[in-house]
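Coordinate inspection notes
Listed below, chain by chain, are the residues.
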Amino acid sequence: MTALCAVFAMAAMAQDLQLHYDFGRDVNSDELPERQRVTLTLEHFSLDNAGSWYYFVDMDFLKDGACGAYTEISREFNIGKKGFAAHLEYDGGLCSTKTTSAGVRYQHAALLGPSFNGHNKDFSTTYSVQLMYKQYFKGQFNSSAYASFQLTGIWSTTFANKALTFTGFFDFWRGVDNSNGHGKLIFASEPQLWFNLNALRGLEKFPLSIGTEVEFYNNFYTPANGSDKTFFVNPTIGLKWKL
């Protein structure tokens, strides 16, 4: 699970904690046999006079404990009053495998570019589009630094008398194919659908949601069995608690 960015346009500050049980290892048993079962996500959004802060941290767990952590931290500076902003971001993390204790650092990156943010009249639907220059830094095992780009879209809409929330993101960027050194285009999207228990009578102050996330990735994973499969779907069931 990557960038779980929701746009919290109605609040000066919002954060939540999510717990997901992942079925990706079952759906892709031959290609992703060591995929984690459990992911814990903390995300935070806050507004100030100049713009906004957003970050999330994904922590993956195997039976014997945490096996990885990934974070994205972004800052936006408002430009005028039409929804435009300057977006700055850092992405990075680390992981280990199911069968070894050695850790691997993800090749980290910094991003910079324009953002456009919007919403409907009552803020029940919000969205953001970002087009950014992406700079990868030299990484582990002689991974070279290189320049890239990233297009990101983020959405959130609450409907059915505030009982359901459909939210998620997509990312489209240039990565590196290490087999021949040429660039490859990567697509990722993680839509989520939540049922909000505080929409029920008597549970108005109970900030728990029950739902699912489905991860769609193309050209991102390297199959463990050496197959040429590029497109993967990894569904989850999850709980979300608004803090």
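Refer to the structure above for everything that follows.
Residues numbered from 1 in each chain as written. Predicted model: local features only at pLDDT ≥ 70, side-chain atom pairs only at ≥ 80, totals over all residues. Heavy atoms only, no water.

**Some details on the overall build of the chain**
Applicable threshold: Only DSSP runs of H or I reaching four residues or more are called helices, and only runs of E reaching two or more are called strands; each is numbered from the N terminus. It is over C-alpha atoms that the radius of gyration is taken, and the globule rule equals 2.2 Å times the number of residues to the power 0.38. Burial status follows relative accessibility: with a 1.4 Å probe on protein chains alone, a residue under 20% of its type maximum counts as buried, one over 50% as exposed, and anything between as partly exposed. Throughout, a contact is declared for two residues whenever any of their heavy atoms are within 4.5 Å. The method behind every accessible area is Shrake-Rupley, applied with a 1.4 Å probe, and residues are considered shielded solely by the protein chains displayed. His is not counted, nor are the chain ends, whereas Lys and Arg count as positive and Asp and Glu as negative. Where a charge sits is defined by one atom per residue type, namely NZ (Lys), CZ (Arg), CG (Asp) or CD (Glu).
Within the chain, the regular secondary structure consists of one helix and 14 strands. The C-alpha atoms of the chain give 18 Å as radius of gyration, which agrees with the globular expectation for 243 residues (18 Å, within 12%). With 243 residues in all, the chain has 40% of them scored as buried. A fraction of 51% describes how many contacts in the chain between residues 6 or more apart in sequence connect residues 24 or more apart. Summed over all atoms, the accessible surface of the chain reaches about 13100 Å², with 64% contributed by carbon and sulfur. Seen as two clouds, the 20 positive and the 23 negative side-chain charges of the chain have centres 5 Å apart.

**As for the packing of aromatic side chains**
The line we're drawing: Here is the rule: rings of Phe, Tyr and Trp (six-membered ring for Trp) pair when centre to centre is within 6.5 Å. Planes less than 30 degrees apart are stacked, more than 60 are edge-to-face, and the remainder are tilted. Sitting over a ring, as applied to charges here, requires NZ of Lys or CZ of Arg to be within 6 Å of the ring centre and within 35 degrees of the ring normal.
Across all of its chains, the model carries 17 aromatic pairs by this definition. Ring centres 5.0 Å apart and planes at 85° place the aromatic pair Phe 220 and Tyr 221 in the edge-to-face group. Taken together, Trp 173, Tyr 217, Phe 220, Tyr 221 and Phe 232 form an aromatic cluster joined through their ring pairs. Here the guanidinium or amino end of Arg 75 rests over the ring plane of Phe 77, the centre of that ring lying 4.7 Å away.

**What about the nonpolar core?**
Keep this limit in mind: Take the buried Ala, Val, Leu, Ile, Met, Phe, Trp, Tyr and Cys residues and link them wherever side-chain atoms come within 4.5 Å; each set so joined is a nonpolar core.
Core analysis: the largest hydrophobic core is formed by 10 residues, namely Leu 32, Ala 109, Tyr 136, Tyr 146, Trp 173, Ile 186, Ala 188, Tyr 217, Tyr 221 and Phe 232. If we ignore the near neighbours within four places in the chain, the residues touching Tyr 221 are Leu 32, Arg 35, Glu 215, Phe 232 and Asn 234.

**Brief notes about unusual backbone geometry**
For Phe 123, which is not glycine, the phi torsion reads 65° and is therefore positive. Along the chain, Phe 123 falls in the loop between strand S7 (109–119) and strand S8 (125–136). Although it is not a glycine, Ala 160 sits at a positive phi angle of roughly 55°. Structurally, Ala 160 is set in the loop between strand S9 (146–159) and strand S10 (164–176). Accessibility expressed as a relative area gives 45% for Ala 160, which makes it partly exposed.

**A short note on the side chain of Ser 115**
As a reminder of what qualifies: Nitrogen and oxygen atoms within 3.5 Å of one another constitute a polar contact, given that in protein one can donate a hydrogen and the other can accept it, and given that sequence-neighbouring residues count only through two side-chain atoms.
For Ser 115, the position within the fold is in strand S7. Of note is the side chain of Ser 115, whose polar atom sits 2.9 Å from the side chain of Glu 76.

**Side note on a nonpolar patch on the surface**
Rules: Patch definition: residues with relative accessible area over 30% and no salt bridge; like charges joined within 9 Å; nonpolar side chains (Val, Leu, Ile, Met, Phe, Trp, Tyr) joined within 5 Å. A carboxyl oxygen of Asp or Glu within 4 Å of a side-chain nitrogen of Lys or Arg is what we treat as a salt bridge.
A cluster of nonpolar side chains, Leu 17, Leu 200, Leu 203, Phe 206, Trp 241 and Leu 243, forms an exposed patch at the surface whose accessible area comes to about 490 Å². Note on placement: Phe 206 falls in the loop between strand S12 (192–196) and strand S13 (208–218).

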